[in-house]
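# Understanding the architecture of this molecule
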Amino acid sequence: MNKKSSNTMALAPNTSNKRETVCIFGTGDFGRALGHKMIQSGYSVVYGSRSTQISNLIPKDAEVLGHAEAAQKAAIIIIAIQRQHYNFLTPLAEVLHGKVLVDISNNLKLKQYPESNAEHLAQLLPGSKVVKAFNTVSAWALQSGTLDASRQVFVCGDDVEAKQMVMNIVRALGLTPVDKGSLLAAQEVENYPLQLFPMWKFPIFLSLGLTAFFFFYCVALDIIYTYIYENNNFSFFIAITIPNRVCPVMALILLALVYLPGIFAAIIQLYRGTKYRRFPDWLDKWMLCRKQLGLIALAFASLHVVFTLVTPMRSFARWRTGKGIISQVLNNKTEPLDHTNAWLSDSYLALGILGFFLFVLLGITSLPSVSNNVNWREFRFVQSKLGYLALILCTAHTLVYGGKWFLSPSAYKWYLPNIYILSLIVPCAVLVVKFVLIFPCIDKPLTQIRQGWERNPKYSK
Amino acid sequence: MNKKSSNTMALAPNTSNKRETVCIFGTGDFGRALGHKMIQSGYSVVYGSRSTQISNLIPKDAEVLGHAEAAQKAAIIIIAIQRQHYNFLTPLAEVLHGKVLVDISNNLKLKQYPESNAEHLAQLLPGSKVVKAFNTVSAWALQSGTLDASRQVFVCGDDVEAKQMVMNIVRALGLTPVDKGSLLAAQEVENYPLQLFPMWKFPIFLSLGLTAFFFFYCVALDIIYTYIYENNNFSFFIAITIPNRVCPVMALILLALVYLPGIFAAIIQLYRGTKYRRFPDWLDKWMLCRKQLGLIALAFASLHVVFTLVTPMRSFARWRTGKGIISQVLNNKTEPLDHTNAWLSDSYLALGILGFFLFVLLGITSLPSVSNNVNWREFRFVQSKLGYLALILCTAHTLVYGGKWFLSPSAYKWYLPNIYILSLIVPCAVLVVKFVLIFPCIDKPLTQIRQGWERNPKYSK
Amino acid sequence: MNKKSSNTMALAPNTSNKRETVCIFGTGDFGRALGHKMIQSGYSVVYGSRSTQISNLIPKDAEVLGHAEAAQKAAIIIIAIQRQHYNFLTPLAEVLHGKVLVDISNNLKLKQYPESNAEHLAQLLPGSKVVKAFNTVSAWALQSGTLDASRQVFVCGDDVEAKQMVMNIVRALGLTPVDKGSLLAAQEVENYPLQLFPMWKFPIFLSLGLTAFFFFYCVALDIIYTYIYENNNFSFFIAITIPNRVCPVMALILLALVYLPGIFAAIIQLYRGTKYRRFPDWLDKWMLCRKQLGLIALAFASLHVVFTLVTPMRSFARWRTGKGIISQVLNNKTEPLDHTNAWLSDSYLALGILGFFLFVLLGITSLPSVSNNVNWREFRFVQSKLGYLALILCTAHTLVYGGKWFLSPSAYKWYLPNIYILSLIVPCAVLVVKFVLIFPCIDKPLTQIRQGWERNPKYSK
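Reading the values: the criteria
Residues numbered from 1 in each chain as written. Chains lettered and ligands numbered in written order. Predicted model: local features only at pLDDT ≥ 70, side-chain atom pairs only at ≥ 80, totals over all residues. Heavy atoms only, no water. Pairing = 2+ DSSP bridges. Helix = DSSP H or I, 4+ residues; strand = E, 2+ residues; numbered from the N terminus. Axes fitted to C-alpha atoms, helices over the stretch in contact; angles between N-to-C directions. Contact = heavy atoms within 4.5 Å. Parallel < 35°, antiparallel > 145°, perpendicular 65-115°, else oblique. Left-handed = near helix turned anticlockwise from the far one by under 90°. Salt bridge = Lys/Arg side-chain N within 4 Å of Asp/Glu carboxyl O. Buried < 20%, exposed > 50% of the residue type's maximum accessible area, 1.4 Å probe, protein only. Buried area = accessible area lost by both parts, 1.4 Å probe. Polar contact = N/O pair within 3.5 Å; in protein donor to acceptor, adjacent residues only side chain to side chain. Nonpolar A, V, L, I, M, F, W, Y, C, P; charged D, E, K, R; others polar. Least-squares fit on C-alpha atoms with pLDDT ≥ 70 in both. pLDDT = per-residue confidence, 0-100. Patch = residues over 30% accessible without salt bridge, like charges linked within 9 Å, V, L, I, M, F, W, Y side chains within 5 Å. Areas by Shrake-Rupley, 256 points an atom, 1.4 Å probe, with all protein chains shown as cover.

Attention now moves to the sheet that holds strand 4 (residues 76–79) of chain C. All names here are of chain C. On the basis of which strands lie adjacent, the open sheet formed by 8 strands has the order 3-2-1-4-5-6-7-8 and mixed pairing. Taken across any chain shown, the strands that pair with only one partner, and hence form the sheet edges, are strand 3 (63–65) and strand 8 (176–179). Averaged over all adjacent pairs, the angle separating strand axes in this sheet is 30°, with direction ignored. Sheet strands in contact with helix 5 (residues 117–124) are strand 4, strand 5 (100–103) and strand 6 (129–132), and its direction is about 170° off that of strand 6.

What follows is about the packing of helix 16 (residues 376–402) of chain C against helix 18 (residues 425–437) of chain C. All names here are of chain C. Remark: helix 16 packs on helix 18, axes separated minimally by 10 Å, with the N-to-C direction vectors making an angle of 130°. The angle between helix 16 and helix 18 places the two elements in the oblique class. When you trace helix 16 past helix 18, the crossing you get is left-handed. Residues Y388, L391, I392 and T395 of helix 16 form the contact with helix 18, whose own contacting residues are P427, C428, V430, L431 and K434.

A word on the pattern of salt bridges. Residues and elements named next belong to chain A. With the rule as written, the count across this model stands at 27 salt bridges over all chains. The partner of E115 in a salt bridge is R83, and the shortest N-O contact between them spans 2.7 Å. Of this pair, E115 sits in the loop between strand 5 (100–103) and helix 5 (117–124) while R83 sits in the loop between strand 4 (76–79) and helix 4 (93–96), and the two are 32 residues apart along the sequence. Of the residues examined, R83 reaches a relative accessible area of 10% and is grouped as buried.

On to the interface of chain A and chain C, then. It is common to report an interface's size as the accessible area lost on association of the parts. Contacts between the two partners involve 70 residues from chain A, matched on the other side by 69 residues from chain C. For the pair chain A and chain C, the summed buried area comes to about 6200 Å², and 66% of that belongs to carbon and sulfur atoms. Of all residues in chain A, L184, Y276 and W376 of chain A bury the most surface against chain C, accounting for 11% of the area lost on that side. Taken together, the connections running from chain A to chain C amount to 2 salt bridges. For the salt bridge of R171 of chain C with D179 of chain A, the shortest nitrogen-to-oxygen distance reads 3.6 Å. Viewed at the interface, chain C and chain A are joined by 9 residue pairs in polar contact (both at pLDDT 80 or more). Elements supplying a minimum of two residues to the side of chain A that touches chain C: helix 8 (186–191), helix 11 (281–288), helix 12 (290–309), helix 13 (315–330), helix 14 (339–365), helix 15 (368–371) and helix 16 (376–402) of chain A. Broken down by element, the side of chain A that touches chain C gets its largest block of residues, 12 residues, from helix 14 of chain A. Taken together, the residues of the side of chain A that touches chain C break down into 29 nonpolar, 22 polar and 19 charged.

With that settled, consider the relation of the copies chain A and chain C. When chain A is fitted onto chain C, the two copies agree to an RMSD of 0.1 Å after a turn of 120° and an axial shift of 0.0 Å. The relationship between the two copies is best expressed as a three-fold rotation axis. Relative to the rotation axis, the C-alpha of S369 of chain A is the closest in chain A, positioned 3.2 Å from it. Looking at the interface residues of chain A, only 11% of them are also at the interface in chain C, so each copy uses its own face.

It should be kept in mind that the predicted coordinates are not to be read in detail where pLDDT is low. Residue and element names in this part refer to chain A. On average, residues of chain A carry a pLDDT of 85, and 90% of them reach 70 or more. Low pLDDT (under 50) marks residues 1–16, which in the prediction has 37 contacts with non-local residues, meaning those over four places away or in another chain. Scored as a whole, the predicted complex attains pTM 0.88, and scored at its interfaces, ipTM 0.86.

Here we take up the interface of chain B and chain A. Facing the 70 residues of chain B at the interface are 69 residues of chain A. Summing both partners gives a buried area of about 6200 Å² for chain B against chain A, and 66% of it is carried by carbon and sulfur. In this assembly, chain B and chain A are joined by 2 salt bridges. Ionic pairing is found between D346 of chain B and R314 of chain A, a salt bridge with its closest N-O pair at 2.7 Å. If you look at where chain B meets chain A, you find 9 residue pairs in polar contact (both at pLDDT 80 or more). For the side of chain B that touches chain A, the elements supplying multiple residues, two or more each, are helix 8 (186–191), helix 11 (281–288), helix 12 (290–309), helix 13 (315–330), helix 14 (339–365), helix 15 (368–371) and helix 16 (376–402) of chain B.

Residues and elements named next belong to chain A. Taken together, the side chains of I224, Y227, I228, Y229, W414 and L416 present a nonpolar region at the surface, about 610 Å² in accessible area. With respect to the helices, strands and loops of the structure, I224 is situated in helix 9 (residues 201–230). According to the relative accessible area criterion, I224 is partly exposed, its value standing at 40%.

All names here are of chain A. One non-glycine residue with positive phi stands out, namely F134, at about 70°. As for its placement among the helices and strands, F134 is situated in the loop between strand 6 (129–132) and helix 6 (139–144). Owing to a relative accessible area of 2%, F134 belongs among the buried residues under this scheme.

Put into structure tokens, the structure is as follows:
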């Protein structure tokens, strides 16, 4: 007991102190798990159940009574039953009058019912104080004590005191209550545990699609073409060479796609002469997933960096280096340092490093705890100024990489451009339009529009 | 004054405004530091002290009176005296009736007293409203204003209004109050500042022990063996070569140890046919430190990555490369590209990169601010699905690294296997058992058990 | 509607539910944006305006009335007008009596007015309950729904219930209210959005200055000197070689500057014999920006790592490697492995890797969400113990890098030392003084002083 860790302690604070009695309606899995936990934290628990014969699944320190009797013993009643059985509570309305009812229910899918379960409960029992809580916690985690995940419990309800009572229980169980306001927020709270990265879906599918396209494009040009026309089998390019061509291309395109909707928005506002009309739906959605697009771009850029840095460890690279040196020796000549090449290779690497550095900075500032510590002006500075600088550096990195071969016909296999050329289209377009937009003659009206001015007030009717 | 920074501002918000009077009992170090700070933040401070002769240590804007007189001047009294002197407060019970008493005391070691200091105070003075606060703040940090660390002040107490008053003072001093609920939480709050990474102790000692073992194992095989039998002095391997053998081995084993307790838990549940019995104590503890094990594994993996990437900068590696090329030249033959080697080296590197990438993702999602922003379903997806994928990739990376030499007898010095072979035991075992566990015939009963079903209800009695 | 994402949901929770009526005084940009958002979130909005003729800029579901009429319709009135027009509210004092007035105003620069706008409003209308809120949110972000930045809304006010009402509105709009205490905090809240990284200014300018100095120093020694005396054009060193000399130097110096003020503070306290006198102003400021100095040092160190790791990819490095091997071949001799060099290069790299590793650990623990989860003792352990260890490792890394050439005269071009020698001055000084300070005969009085003891009590008068 002496070596209790902070974690265990937080989960089972002190069993010596006796707290008040809490009633739980329903002896299902979550009701039992919650009861176990509450008894551990010093609460007396009384279950309300149809059959009062004591089941051996129920924690042995808990009492089991009929619903009405159990409810009379406590000021707080946790409703651990499913929404479709809420109707059986209506006959108990008198007993439950003035009591705090904690709705912990979840639905199986989004939009299953027109109103939230907690609001439904509040309508059935208008004399009780309904509080929504605990639905975001997993029964399994509660029981096993392995709460590595979020310890936040969203709590909402119309009665401030009832909410405080429930938040005290939440804290006593070692969890962190988060006040989400009135019971109107219950719908949002009930939808929360049903989501699986909703904002990430579109960016991830887009990246997967583009990645697949570029991957097969490269396989065709670098492996199949070489095999057919040069009779070289470079199939092992699949492991590193081609991923390291696709990753930077994806990173650059996705980074440009982060800034493209802002460009569209500016053009639409300039055209309409007002900011008071909604953007088209696709643009709204696009703007909302910019952060996700940027983070995926950062992931691709990081992979590109590591793939590049392992180059000297590759068997193929070592063989190629050796071959180059040996051919110099056998020809009995030492090549002098090519200054143009030295400049190109060094500046291409330096541009890439600086671009990646800014990119990582952007990623760090998008961490929730960091972005909560910067104000709006600082956030705009980082995400807009530094973001565009990163885009400029990365585009320049790609341009210098292309270097001399850019337009040489020999680089076009099957008359198709190399993918780094394809990757330059979107970022160059973004940078050119952005460059036009910061001209004073265009920037001034845009700034006015964004401050609320309207070119043609009738338009907004 | 015009260039006041956000930090200074937060620490000494505005000295122009006058706030209410606060009384401090005790003129020790923390009492003085707190008084200084409060005066800076606009409060009037009156000290209650046995000797009312003004000490020059006390902030000069503060008044010093006898305890009873001082207490009458303020609604809030901060008790900056040690627990063993609390008894002298009992004669003052009448004066302190209805006042807010702030207990700021800390103990010297965990479990020093049966009940918390704040609860002890509340028992001594049942007519006062005791609030626990400020014990997590260091006097030194308070005074020097260098609060780079957490600005959170845990506050708990039974009286909501008293707690609000104390939280307002906390905010006025530029700190962030965190409501920890009723006074029952005082014990946890008092234990908090005494801890030094309690959850990290076991994982760190385990890693240090394993690291030492593998390090000396490698020294024996790679340096001593080579010195004795091949008469080569490779003692400089201690700096990079051997650490770079130990790090990946540690990373792989620790990552497997993150998933091993889950496997044990599943087997125990299947065997018992119920989830309602507690796991053995060692398993509980193990499950609670999985996050720490995973993060240490990530640290080892990161070191492995950097150690590997600096290879081309090593004097030894450059010498070896040169030697290889020169021997080819002197033999007057150019070796063709070995396609098998190219495939092996590239896929081994690619597997490692992808495994490390997923590993870093897992690390990022375990940052508190990120894990607070994902729900239970999302957390499980990342930590379970992606975690196993990372384990598979890293195990495959090690298997391919072994490649052809795996079972060749020449690789066994002193009949001992290379350490990467040892490192494969735990992860392979975890992956094989996990593979068995996801078979429908085993997964189905396990899922039922975890949803609360019992095979043999009598067992749980 | 079925695919509503968490983000959109949070921003426009549920339009089906009707909430209470809110009045907005002023139809400027922010007033309109807030009104739009509130209507979307289910509130009825009534505008109070001088001219009640309906402007088409105002959300079409909102009502527009005269100020007095509008105020009577709601319990909460949002004052979306500028401070200089607050006077016109005084005739409405009777109507506004008992109402909650939400001050959302911002100033154009810090310290524009002696007291905060919200306190000014409270003085003008003593019968109303003034709450400061929403001033940290951008109208543009509110309207476009692209709240990637902080969703925190600072709320402060003297009336707890009024504050609760405003916080409920904040939550209903999908934002996170942060209670900043009483209205005295309004000044801080109003200053917050005007800041642009105030704590970062000095560290950034210092780094830029030092970087420029070292950059030109290196250009002189490595490019100009070589060009003049050796007739070699190494101008391409500007891209990678020289940045990679400046970055580690900057990282080491800035890391030492993090620990230097602590050394000064200890010496000052030892000299004065007390901790109860303020440090000089420059030292206070320096101590407050240590975290920022450390993070900039980490940025330089990271750049140094990446710049170093790309070395094998550089055209110049490949050329130099080839040249070395070819010269060996042409001289027909194979150099044996130089063990001293192998030791030096490996230990130099290993020291650097471990130092950087600890450095990154320090960076991670300074993330707000991580530092909030460690107590004061743990934070001190990491930042002080591990920090000094990192400084020792990085200094040793630089010393070993210098190695044999350290004092060889040929390394001094134009009698100037190489910059890595310059970079060693501050860290070595810090480490030597720190080493002296931990001697028991000095550490003991220092510890006593920091615990509140005074050598010469009269001094502090």
